[in-house]
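Chains, contacts and geometry: an overview
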Amino acid sequence: ATHAHEGAAFVEIFQNCIVYNDDVFKSFTDRATAADTQIHVRHGEPLVFGKDKTKGLALDVKSLQLKIVDANAQDSDVLVHDETNVTLAQLLLAMGSPDYPVAMGVVYRNPAIAFEAGFYANHVTGLKRTSRIADALRKTTTWEVK
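In this text, all values refer to a predicted model and were calculated from it rather than measured experimentally.

As a further point, take the environment of R42. On the secondary structure map, R42 appears in the loop between β1 (38–41) and β2 (48–49). With 47 residues separating them in the primary sequence, R42 and A89 have C-alpha atoms 12 Å apart. A polar atom in the side chain of R42 sits 3.5 Å from the backbone oxygen of H40.

Another aspect to go through is the packing of aromatic side chains. Under the defined criterion, the tally for this structure stands at 5 aromatic pairs. Arranged with centres 5.2 Å apart and planes meeting at 65 degrees, the rings of F14 and F25 form a pair that is edge-to-face. With F14 in the segment before α1 (26–29) and F25 in the segment before α1, this residue pair connects regions lying 11 residues apart in the sequence. Taking 5.4 Å as the distance between ring centres and 70 degrees as the angle between the ring planes, the aromatic pair formed by F119 and Y120 counts as edge-to-face. Its relative accessible area of 42% is what places F119 among the partly exposed residues. Judged by relative accessible area, which is 45%, Y120 ranks as partly exposed. Through a chain of ring-to-ring contacts, the aromatic side chains of F14, F25 and F28 assemble into a single cluster.

Another point: helix α3 (residues 86–93). Taken residue by residue, α3 has L88, A89 and L92 as its buried positions. Along the axis of α3, the buried positions cluster into a sector of 100 degrees, meaning they face one direction only. Where the residues of α3 are buried, they touch β1, β3 (55–60), β4 (65–70) and β5 (102–105).

Attention shifts here to the confidence of the model for the chain. Put simply, the chain has an average pLDDT of 86, and 99% of its residues get 70 or more. Across the chain, element-level confidence peaks in β2 with a mean pLDDT of 95 and bottoms out in helix α5 (residues 133–139) with 78.

Reading the values: rules and limits
- Residues numbered from 1 in each chain as written.
- Predicted model: local features only at pLDDT ≥ 70, side-chain atom pairs only at ≥ 80, totals over all residues.
- Heavy atoms only, no water.
- Helix = DSSP H or I, 4+ residues; strand = E, 2+ residues; numbered from the N terminus.
- Polar contact = N/O pair within 3.5 Å; in protein donor to acceptor, adjacent residues only side chain to side chain.
- Phe/Tyr/Trp six-rings, centres within 6.5 Å; stacked < 30°, edge-to-face > 60°.
- Buried < 20%, exposed > 50% of the residue type's maximum accessible area, 1.4 Å probe, protein only.
- Arc of directions from axis to C-beta.
- Contact = heavy atoms within 4.5 Å.
- pLDDT = per-residue confidence, 0-100.

As structure tokens, then:
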């Protein structure tokens, strides 16, 4: 998704360093517990995780924070991920380990035109040639250095 995105993107890579911080991310990258410690967010899909996808994230209205709920319960208010919602992205990134899972995937995407595309679209000449380089060189003042 980052490679396909036109514009700036922030990517966090959980890289293990065996010299200085060996297993620093083990609390959520260990294969034995990854299903319960990671939530893979996808746009338009419910925020569920766990080995059998039985846990979900819902909004606690009183504290305005996310809470873990039973995703299979009939009255569960499991949120659906919207990668254009900045408030939801902030809530997902504020979840603290080990009580909450770590969000993986596209947490937030700002659907805006890239700087380059906006610049070129609004350029005075529309980036069409109005003259030749040779003509521009002939019109300018030149100096001879001795």
